[in-house]
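Reading the structure
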Amino acid sequence: MDPWRLPPRVAALWSLAVAVLLSTQYLFQPFVWENWPWDEVLAGWLEVLGHCIVEGMFVLGALLLASRLQCPSPLAYACVLMAAVALGTAFGNVALVVAGFQSAAPDTAWVAARTVRWAAISGCSVATFGLASRTSRLRAEAQANDLQRVQLGRQLVQVQLQALRNQIEPHFLFNTLATVRRLHQTEPAEGARLLAYFLDYLHSTLRQQLQGQFTTLGCELDLVRAYLAVVSVRMSGRLQVAFEVPAELRECVFPSLCIATLVENAVKHGISASPSGGEICVQAKLHGDEVEVAVRDTGAGFSGSGGSGVGLANIRARLSTLYGASGVLRVESNKPSGVCASIRLPRSIQEATP
């Protein structure tokens, strides 16, 4: 059955309700109360109510017959129902005259007035039902669209996060394992130290994967610290590392792998591209209701290998999806050399739950 079809039970209840409503018109006429005592008024109203219920039964019959018709649209169906109400009212009044419930046959104007009242009420009812149905349908469609957008946003964030993982991990893992094997043959103690750092890195990576698309700033920095420890051994002293992060900011919630990607870019395009190496400093600061995390390097700067920019593009896309215009990534020159990449987010969104 079409959702806009009139169920028989609703038609019956509606016909009865309209009949009772129309009968109360008798009670709102001042001359009735002025000329008759209340018991006679009540008796007169019951008689009028009976007449209205008879009309309502004919209207109900007409509605049930009309509901069987096939209509191409809700509007056409509404017009058929209103025509059924008008015909039911007219036949109901004729039945009252034939049965002798009315002392005199009603004139055309009286029947027309009764028909118009029923038709007007039915029109208002149909319009109200139609508006309510349309509003409900539009609300359901809007909720479905919102849910779909949220699901697509989550899927997009997961894809971007996986793209960052794929960018950082493969070459880093293979290069580190190759370095461990070489050091195991030439400098076993240094190889053991690198392997310990590498295990710390794997432990931090596993913890972040279990946490999903968000982690704490402390966990992200632990991953970065383990990563830079491995890289520092592999670069044989050409890399210096510094962290300037207040302890109270470690519990802030932060999107996973964003800082790690900035650090990986600083190593690959800054420090590695500089013959003398350089320093990477990770800083975190509060700016009112915002927190900023910056990765500064003293490497080759923008004159070095720029790479494809996929990592930075993924970070910008993730920040836009998660925070809208409130998530900002800036990349600028560092003084006196190198690059400074910073992420700025609203602190109110990032407060960790206890």
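The structure we're discussing is the one just above.
Here we summarise the structure given alongside this text. Position labels on residues start from 1 in each chain and follow its written sequence. Thresholds applied to this predicted model are a pLDDT of at least 70 for local features of residues and 80 or more for the giving and counting of side-chain atom pairs; totals over whole chains, interfaces and linings are not thresholded and use all residues. To obtain the side-chain values, all non-hydrogen atoms of the structure were used and water was disregarded.

**As for helix 7 (residues 217-234)**
Residues spaced three or four apart along an α-helix point in a common direction, a consequence of the helix completing one turn every 3.6 residues. Put simply, the test is: Labels follow the DSSP assignment, with helices taken as runs of H or I lasting at least four residues and strands as runs of E lasting at least two, numbered in each case from the N terminus. Each residue after the first adds 1.5 Å to the expected span of a helix. Here's how the labels work: a residue is buried when its accessible area is under 20% of the maximum for its type, exposed when over 50%, partly exposed in between, all with a 1.4 Å probe on protein chains only.
Taking 1.5 Å of rise per residue, 18 residues should cover 26 Å, and helix 7 covers 26 Å from first to last C-alpha, within 8% of that figure. Summarising burial for helix 7: 14 of the 18 residues are buried, a large majority. Ser-236 occupies a position one or two residues after helix 7 and carries a positive phi of about 55°.

**Here's the deal with the environment of Gly-50**
In this structure, Gly-50 sits in helix 3 (residues 38-66). By relative accessible area, Gly-50 is classed as partly exposed at 29%. Along the sequence, Gly-50 and Ser-23 sit 27 residues apart, while their C-alpha atoms lie 8.5 Å from each other.

**A short note on helix 1 (residues 8-23)**
As a reminder of what qualifies: Of all possible arcs, the one meant is that of the directions from the helix axis to the C-beta atoms.
For helix 1, which comprises 16 residues, the first-to-last C-alpha distance of 23 Å matches the rise-based estimate of 22 Å (1.5 Å per residue) to within 8%. For helix 1, the complete set of buried residues consists of Ala-11, Trp-14, Ser-15, Val-18, Ala-19, Leu-22 and Ser-23. Relative to the axis of helix 1, the buried residues are bounded by an arc of 160° and lie together on one face. Across helix 1 from its buried face, at more than 90 degrees, point the exposed residues Arg-9 and Leu-13.

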